[in-house]
Amino acid sequence: MVQALIVLGLLVMTYNVFTGLQMRREAPGGIIGERLSQLNLFIGFFTLGYLGVALLVWGRAVDLLLVVVALILLFGSIFVLLVLRLVQAVLKALGG
Amino acid sequence: MRIYRQSSKPLDELLGREERLVYALCQQEVSDVVLAQRTGLALDRLSEILEGLEAKGLLELLAATPPEQPQPPTPSRPDLAEAKAQLVQTLQHTLGRQASRYLAEIEAATSLSELEERALKLALKLRLTVSQEAAQALEAHANALFK
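Residues numbered from 1 in each chain as written. Chains lettered and ligands numbered in written order. Predicted model: local features only at pLDDT ≥ 70, side-chain atom pairs only at ≥ 80, totals over all residues.

1. Observations regarding the overall build of chain A
Point 1. Helix and strand content of chain A: three helices and zero strands.
Point 2. Listing each helix as α and each strand as β along chain A from the N terminus yields α-α-α.
Point 3. Within chain A, the proportion of its 96 residues that are buried is 25%.
Point 4. Here the analysis covers contacts within chain A between residues at least 6 apart in sequence; of these, 78% occur between residues at least 24 apart. (Helix = DSSP H or I, 4+ residues; strand = E, 2+ residues; numbered from the N terminus. Buried ≥ 20, exposed ≤ 12 C-beta atoms within 10 Å, placed from the backbone. Contact = placed C-beta atoms within 7 Å.)

2. Describing the overall build of chain B
Point 1. Each helix and strand in chain B was counted, giving seven helices and three strands.
Point 2. Each helix (α) and strand (β) of chain B, taken in turn from the N terminus, gives the series β-α-β-α-α-β-α-α-α-α.
Point 3. Within chain B, buried positions represent 21% of all 147 residues.
Point 4. In chain B, of all internal contacts separated by at least 6 residues, the share reaching a separation of at least 24 is 57%.

3. Structural notes on the packing of helix H1 (residues 17–25) of chain B against helix H2 (residues 32–39) of chain B
Residues and elements named next belong to chain B.
Point 1. It is at 11 Å that the axes of H1 and H2 come closest, and there the two elements cross at 125°. With respect to each other, H1 and H2 are oriented oblique. The crossing of H1 and H2 is right-handed. Along its contact with H1, which presents Leu21, Val22 and Leu25, the element H2 presents Leu35, Arg38 and Thr39.
Point 2. The residue makeup of the contact of H1 with H2, split by class, is four nonpolar, one polar and one charged. (Axes fitted to C-alpha atoms, helices over the stretch in contact; angles between N-to-C directions. Parallel < 35°, antiparallel > 145°, perpendicular 65-115°, else oblique. Left-handed = near helix turned anticlockwise from the far one by under 90°. Nonpolar A, V, L, I, M, F, W, Y, C, P; charged D, E, K, R; others polar.)

4. Description of the interface of chain B and chain A
Point 1. In this complex, chain B contributes eight residues to the contact, which on the side of chain A involves nine residues.
Point 2. The dominant element in the side of chain B that touches chain A, judged by the number of residues it contributes, is helix H6 (residues 112–129) of chain B, at five residues.

5. Quick word on the sheet that holds strand S1 (residues 2–6) of chain B
Residue and element names in this part refer to chain B.
Point 1. Ordered by their spatial adjacency, three strands build an open sheet running S2-S1-S3, and the pairing between neighbours is antiparallel. The sheet is open, and its two edges are formed by strand S2 (30–31) and strand S3 (59–64), each paired on a single side.
Point 2. Direction of pairing for S1 relative to S2: antiparallel, over a ladder of two bridges. Residue Tyr4 lies in a different strand from S2, and its bridge partner there is Val30. (Pairing = 2+ DSSP bridges.)

6. Some remarks on the pairing of S1(B)
The side chains of a regular strand alternate, residue by residue, between the two faces of the sheet.
Point 1. Sheet topology note: the S1(B)/S3(B) ladder contains five bridges and is antiparallel. Paired with B:Ile3 across the bridge in S3(B) is B:Ala63.

Read these as spatial facts, not as claims about activity.
So, in structure tokens, the structure goes:
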């Protein structure tokens, strides 16, 4: 179960990487463009972190601490997804 | 504008043809503007005749409105095509080839007020998504053109 949560978080974060890069092409500069560059850098870094955690905890016995960590990672990836959606909406509004 | 009418003094002297015409038309209250239209005389010539008749006491001046003060010069606004050209030039100068993506937004404006609105909106878009320097240049140029 813990592994499933972490893998789910990893998948969401991987999706975030592609979404972030796609949005960066829509906003090559300016305030949003600069912040997206920084955001993408951290998204990439955290994705590697999710992958590392998944490898480290794979096959380990499930305990409460692992469940809490897995949930935090999953909700963290959802949080990033929501932030990207917000920026996407702003870009769409500016384009219209 | 000045309004004249014949005075009560009887006409006891010989007048020229134009003077007679003007005098005849002044049987009722009439303005110098209307007199100029009816007689076909130039305004300066008409004024000369009216002053002469007034000096002789044949006409009386009933009312005079001061000449209109010239309006203070208002800062001239550029015409639409000129303003568009200037904004396009600013965009091309700051964005280079990338400017072609945004020129349509400027060219689509059909009035100066719409152009101002579009330019400021485009400046915001550039500031957020393309280049803050280009946005500042465009905004400054738009403000200089329209304020």
